[in-house]
Amino acid sequence: LEPRLIVHAYDTSGSPTFGGHVPETIEVMGSVSDASDVPIEGYDLLVVTGDTERSIDVVLRSAAEGLSIVTAECLGLRETFSEGMIDIVPVAGSTEDTARSFAAAVSRLSEEPAAMSRDRNRRVRQRIEQRHGPDAYLAGLARSLERTR
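Residues numbered from 1 in each chain as written. Predicted model: local features only at pLDDT ≥ 70, side-chain atom pairs only at ≥ 80, totals over all residues. Heavy atoms only, no water.

## Notes on the pairing of strand E4 (residues 68-72)
So, step 1. Most of E4 sits out of view: 5 of its 5 residues are buried.
So, step 2. Note that strand E3 (residues 45-48) and E4 share 4 bridges and pair parallel. When the sheet's bridge partners are listed, Leu46 is paired in E4 with Ile69.
So, step 3. For E4 and strand E5 (residues 87-89), the ladder comprises 3 bridges, and the chain directions are parallel. Residue pairing in the sheet places Ala72 in a bridge with Val89 of E5. (Buried < 20%, exposed > 50% of the residue type's maximum accessible area, 1.4 Å probe, protein only. Helix = DSSP H or I, 4+ residues; strand = E, 2+ residues; numbered from the N terminus. Pairing = 2+ DSSP bridges.)

Right, here's the structure in full:
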């Protein structure tokens, strides 16, 4: 028996959730209608096919948990994550092309050695903590309050 990668895909904007182009070794568990409902515990990989402003919330939460991430292009992602930290899929062209792009990204990650995934996910988690953790938030708030005095 081949190991299966457990993927939980969600969609809040009518984007494709792979369109049937998922390799047999990947099991898609379902979808939810709201980003705040995305369960991130117990999964190997988060796939975000929606490109709304709420998508970045679940991406940040999942990155902080150390999940590998494949996500649709969304405002702010490229500014938050360095090249190679997460897979960002441009949503352009036909629905079929986009579905194939998502499936290819998931396949790439499913074949990645575990040590490589852990190292990348550790770096992503550190980036999230540095830029979006409580200390970073309070420092940014303090700077904003200082400027308005």
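The rest of the description comes next.
## Remarks on the environment of Cys74
So, step 1. Looking at where Cys74 falls in the secondary structure, it is placed in the loop between E4 and helix H2 (77-80).
So, step 2. Through-space distance from the C-alpha of Cys74 to that of Thr49 is 9.9 Å; in sequence the pair is 25 residues apart.

## Some words on a nonpolar patch on the surface
So, step 1. A grouping of Tyr137, Leu138, Leu141 and Leu145 is seen on the molecular surface, where their side chains present a nonpolar patch of about 430 Å² in accessible area.
So, step 2. Mapped onto the elements, Leu141 comes out in helix H5 (residues 134-147). (Patch = residues over 30% accessible without salt bridge, like charges linked within 9 Å, V, L, I, M, F, W, Y side chains within 5 Å. Areas by Shrake-Rupley, 256 points an atom, 1.4 Å probe, with all protein chains shown as cover. Salt bridge = Lys/Arg side-chain N within 4 Å of Asp/Glu carboxyl O.)

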